[in-house]
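Residue-level structural notes
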Amino acid sequence: MFSKSNSLKRVLYGGLCVTTALILSYFIFPLGGIRREVSSLNLDTKCNIERRFVKDSFYCDTSTDNSPQCNDIGSSATAELRIPPTALPNQATLRFNSIGELDTFLKSAPTGNFKIGKVLRELNTVQVLFDDSNARLPDSFLLDPKIGFNYPVRLPSNADNENSTVSTRSSANVPFEDTALAFMGVPADNREWGRGVIVAILDTGVGRHPSLAGVPIQYFDMIGDGAFSASVQGHGTAVSSIIAGQTPDAPGVAPKVSLQSYRVLDDAGTGDALTLAEAVVQAVKNKAQIINMSLGSYDDSPVLRDAVAYAQKYGVVVVASVGNDARDTVTYPSAYEGVIAVGAVDASEQPASFSNSGAVALSAPGVGIYSAWGENELASVSGSSFSAPYVSGAIAGIASIHRSLTPKYIAQLLIQKANDVGSPGVDSQLGAGVINVGRALNYKQAINDVAVADFYLDLKKSTVEGVPLSVSVQNRGTFSASNIQLKIDLGDGTGIRYFSIGNLAPDGVGARTLFIPLNKFTSTTGIVVNARADSNESASDSSPENNTRTSRLRIIEKDTSDTTKE
């Protein structure tokens, strides 16, 4: 056991255009980029290669002409592919259509200044390394592999660097401390959760922490530099404890789960997409059912994209954090199709001010969470890094209870059964909403439950009439709810407003919007909004406490406007 009082600390991370019908004579790899020389061209279709370059993260050198005419090229041309400035230098990846094409290349690949790096046979991909313009592929090689680049991958940025310009985000960031499991609806007795399920943690590595003493952990060092820093390793330890922690100070969602630790980030918290892809493949081969990646990059690497698709092909669920830069785009791998991209919320169910938005699938606790750290410490951590493992742990826990359900099905069930928060319905900040493990766990039970889901101020859509305030109602039961009536009281003496929501299917969301003068929100006290929803089934409502909702809403004038809810 470790002492909370002695070891609690705060950690915040958490062209030139031709067609694809060509014959390749050879590749040259100069220091400044990769040059592909074309000896035969079919010019019937314009600009296909440029489009393919964009798709595969290529740069097509168009010189000063942004709209080149393909029919001016002639019978021979050179298309130069420059290594993007954010990619790792002097290397590229070649992706082949088949293992046979890959083997053909490997047999004929030259040595010297050009050499072969990692080979990922499962992805038909090879890394090529070069250091000067004399390195090139043999003239006899006539295949046309897809070229990609290797980008750095890092821990999410410090969650304390709040630079949000999104006006609807709360600035409060209310901490969870040790309440996250109860907030999510995880049963108080979850001691057997996760048994028989394997979760792979692709991170900084996992320390030998007391909260993980009884957890089966396999260790794989994908970096191989022999440097293990307890301070950096704390990140992977925290992520692991959120999934599988076994002590009261750092409780995990699924404490009986088996973990696989893949160290893909070095002592500085930095790695690369190729190594990460290699770890994804190895985790699949080692029978992991869930892969958690609390890291990311803003660059799309084809090899990592292929690795994620490989995992999904074998039914492995990939969960990833969206990033902590308050940007309107999520990081890779969370941006890839099918990945469960997890954003962060605080204890008041509001989006964390640092959490990225965009292609968010689901949100989970990510502010002021007590977790393990290092080798014998407890930390209060914040960041989407720590939201993702709550989702991974929930999938593992439910999979151990509902053995007939696949992790993929459970992941979609968690999205479907999320509590709608923020803008009514699915939105870019919170995705489908905030994780509700209890709803997913009891998806087959007979439940009536109509809830006032949230109040949402959309400052960007303000008019002369005022600021639009949306009040959303969600059917969180498993039966249809009929004749839902909504009452709203603004607490300003103007009386109660009555609205009909009508009928809602299970998981359905309805909302009504009022326009309220801005000055009511900018006053010292703001306004207190009370709302209540009732249906024909209210007498048997399983959670009558969520039929009503009360919040004080204020707009605080700062460098950028923020909405706070109390």
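1. Remarks on the pattern of salt bridges
Counted according to the given criterion, the structure contains 14 salt bridges. Measuring nitrogen to oxygen at the nearest pair gives 3.1 Å for the salt bridge that ties Asp-507 to Lys-417. Here Asp-507 is found in the loop between β25 (496-504) and β26 (509-516), whereas its partner Lys-417 is found in the loop between α9 (407-416) and α10 (437-441), with 90 residues between them in sequence. Assigned by exposure class, Asp-507 and Lys-417 land together as buried. With its nearest N and O atoms 2.9 Å apart, the salt bridge here joins Arg-532 to Asp-534. For Arg-532, a relative accessible area of 32% translates into the label partly exposed. Each of Glu-349, Asp-454 and Arg-549 takes part in one network of salt bridges that share partners.

2. Describing the layout of surface pockets
The computed volume of the largest pocket comes to approximately 450 Å³. Around the largest pocket, the lining comprises 26 residues; the ones closest to its centre are Asn-419, Asn-436, Asp-449, Arg-476 and Asn-546. Of the volumes computed, that of the second largest pocket is approximately 220 Å³. Every residue lining the second largest pocket is counted, 16 residues in all, and those nearest its centre are Arg-154, Gly-296, Ser-297, Tyr-298 and Thr-331. Here the lining of the second largest pocket is built from residues that sort into five nonpolar, eight polar and three charged.

3. Details of the sheet that holds strand β19 (residues 362-365)
Pairing within the open sheet is parallel, and its seven strands lie in the order β11-β14-β10-β16-β17-β18-β19. Edge positions in the sheet fall to β11 (217-221) and β19, since each of these pairs with one other strand and no more. If you compare each strand with its neighbour and ignore which way they point, the axes differ by 25° on average. Where strand β18 (residues 340-345) lies against β19, four bridges are found, and the strand directions are parallel. Bridging across to β19, Ala-344 finds its partner in Ala-364.

4. So, the sheet that holds strand β23 (residues 467-475)
An order of β22-β23-β26 is seen for the three strands of this open sheet, with the pairing classed as antiparallel. Each end of this open sheet is capped by a strand with a single partner; those strands are β22 (450-457) and β26. Here the average twist between neighbouring strands, direction ignored, is 20°. As defined by bridge partners, β23 adjoins β26 across eight bridges and the pair is classed as antiparallel. What sits directly across from Val-471, in β26, is Arg-512.

5. Here we look at the environment of Val-174
Note on placement: Val-174 falls in the loop between β9 (152-154) and α4 (180-184). Residues Val-174 and Gly-366, 192 residues apart in the sequence, show an inter-C-alpha distance of 9.8 Å. The contacts of Val-174, once residues within four sequence positions are left out, are Asp-346, Ala-347, Ser-348 and Val-367.

Criteria and thresholds
- Residues numbered from 1 in each chain as written.
- Predicted model: local features only at pLDDT ≥ 70, side-chain atom pairs only at ≥ 80, totals over all residues.
- Heavy atoms only, no water.
- Salt bridge = Lys/Arg side-chain N within 4 Å of Asp/Glu carboxyl O.
- Helix = DSSP H or I, 4+ residues; strand = E, 2+ residues; numbered from the N terminus.
- Buried < 20%, exposed > 50% of the residue type's maximum accessible area, 1.4 Å probe, protein only.
- 1 Å grid on protein atoms, 1.4 Å probe; cavity = no way out; pocket = protein on both sides within 12 Å on 5 of 7 lines; lining within 4 Å.
- Points joined across faces, edges and corners; volume = space filled by probe spheres on them.
- Nonpolar A, V, L, I, M, F, W, Y, C, P; charged D, E, K, R; others polar.
- Pairing = 2+ DSSP bridges.
- Axes fitted to C-alpha atoms, helices over the stretch in contact; angles between N-to-C directions.
- Contact = heavy atoms within 4.5 Å.

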